[in-house]
Amino acid sequence: ININIQTDEYGTHTITTTIDENATQNITLQIIGNTTYKELQKTITNGTATFENITLPKDNYTIIATYTGDENYYEALTNTTLNVTKSQANLEIQFTNVGSQGDILVVMTIDENATGNITLTFNNTETSIPIANGTATLNDYKLPKGNYTITATYPENENYYKATTNSTIEINKNTPEININIQS
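Peer 1: Looking at this model, I keep getting lost on the overall build of the chain. Mind explaining?
Peer 2: When its secondary structure is counted, the chain shows zero helices and 16 strands. Taking 184 residues into account, the globule formula puts the C-alpha radius of gyration at 16 Å, and the chain, at 26 Å, lies well above it. Viewed in the frame of its principal axes, the chain has a C-alpha envelope of about 100 × 40 × 20 Å. Within the span of the chain, comprising 184 residues, buried residues form 36% of the whole. The contacts of the chain with a sequence gap of at least 6 include a subset with a gap of at least 24, amounting to 56%. Accessible surface for the chain amounts to roughly 11,300 Å². Of this, 40% is attributable to carbon and sulfur atoms. When the 8 basic and 20 acidic side-chain charges of the chain are each reduced to a single mean position, those positions are 16 Å apart.

Peer 1: I'm lost on the sheet that holds strand β14 (residues 146-154) in this one. Help?
Peer 2: Sheet strands associate in pairs through backbone hydrogen bonding, adopting either a parallel or an antiparallel arrangement. Taken in spatial order, the four strands line up as β12-β11-β14-β16 in an open sheet, and their pairing is antiparallel. Looking along the sheet, the strands with just one partner apiece sit at the ends: β12 (125-130) and β16 (163-171). Going from strand to strand, the sheet's axes swing by 25° on average, the running direction of each strand aside. Pairing geometry for β14 and β16, over nine bridges, is antiparallel. Its bridge partner being in β16, isoleucine 150 is matched across the sheet by serine 167.

Peer 1: Sorry, what's going on with the pairing of strand β11 (residues 117-122) here?
Peer 2: Taken residue by residue, a regular strand's side chains alternate between the two faces of the sheet. Of the two faces of β11, the one holding Ile118, Leu120 and Phe122 is buried and the one holding Asn117, Thr119 and Thr121 is not buried anywhere. In this structure, β11 lies alongside β14, joined through three bridges in antiparallel fashion. In the sheet register, threonine 119 faces β14, and the bridge partner there is threonine 153.

Peer 1: When you look at the pattern of salt bridges in this model, what are you seeing that I'm missing?
Peer 2: Taken as a whole, this structure holds one salt bridge when the rule is applied. In this structure, lysine 86 engages glutamate 156 in a salt bridge whose closest nitrogen and oxygen atoms are separated by 2.5 Å. With lysine 86 in the loop between β7 (76-84) and β8 (87-88) and glutamate 156 in the loop between β14 and β15 (160-161), this pair connects stretches of sequence that are 70 residues apart.

Peer 1: Please explain unusual backbone geometry as it appears in this structure.
Peer 2: In this structure, asparagine 53 is a non-glycine residue whose phi angle is positive, near 55°. Relative to the elements of secondary structure, asparagine 53 occurs in strand β5 (residues 48-56). With a phi angle near 55°, asparagine 133 is a residue other than glycine that sits in the positive phi range. With relative accessibility at 72%, the residue asparagine 133 sits in the exposed group.

Peer 1: Explain the environment of glutamine 6 to me, please; I cannot follow it from the model alone.
Peer 2: Its place among the elements puts glutamine 6 in the loop between β1 (2-5) and β2 (11-18). Judged by its relative accessible area of 63%, glutamine 6 is exposed.

Peer 1: Any chance you could explain the sheet that holds strand β13 (residues 135-142) here in plain terms?
Peer 2: With respect to topology, three strands assemble into an open sheet ordered β9-β10-β13, the strand pairing being antiparallel. Only two strands of the sheet have a single partner each, and these edge strands are β9 (92-96) and β13. Strand after strand, the sheet turns through a mean of 20° between neighbouring axes, direction not considered. Relative to β13, strand β10 (residues 103-109) is paired through six bridges, and the arrangement is antiparallel.

Each value, and the rule that gives it
- Residues numbered from 1 in each chain as written.
- Predicted model: local features only at pLDDT ≥ 70, side-chain atom pairs only at ≥ 80, totals over all residues.
- Heavy atoms only, no water.
- Helix = DSSP H or I, 4+ residues; strand = E, 2+ residues; numbered from the N terminus.
- Rg over C-alpha atoms; globule rule 2.2 N^0.38 Å.
- Buried < 20%, exposed > 50% of the residue type's maximum accessible area, 1.4 Å probe, protein only.
- Contact = heavy atoms within 4.5 Å.
- Areas by Shrake-Rupley, 256 points an atom, 1.4 Å probe, with all protein chains shown as cover.
- Lys, Arg positive; Asp, Glu negative; His and termini not counted.
- Charge placed at Lys NZ, Arg CZ, Asp CG, Glu CD.
- Pairing = 2+ DSSP bridges.
- Axes fitted to C-alpha atoms, helices over the stretch in contact; angles between N-to-C directions.
- Salt bridge = Lys/Arg side-chain N within 4 Å of Asp/Glu carboxyl O.

As structure tokens, then:
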């Protein structure tokens, strides 16, 4: 049995086990960390059992793959180690509804597994915005006319390094409405 792991950073992992292509039945995968234990089972297809979407926090793991055997093959077992390290969060800022009235919608996206808050800094003001499903949103924020550099910061934690990104925005002068009424 061979074990192949796609990444060693925090996030979602795919672990692929390979065995003789004629082997049947299942591969059992045990993932053992200091605070995490998972036991998963997949059916072998053409000599491969792939375990997808496995979220593992930062830790050192022993991974054991076990094949119980069938009418043609004996039981087999192999193991490997995995050191899951912190990941660099992918943080982006987008603005919408930027108009002359200064009303803006700020949407920040980050990795889906990120938790906590993103701090938005502009005009010497900090605002903490909670993350939900990889998104933090600031609705209907008013800014006066001018050019602004806006900074979004996600703090370092046990699974992610600190992430910071900047973007600029220009708020133009207000355009007054002029109405003409003609009376006859």
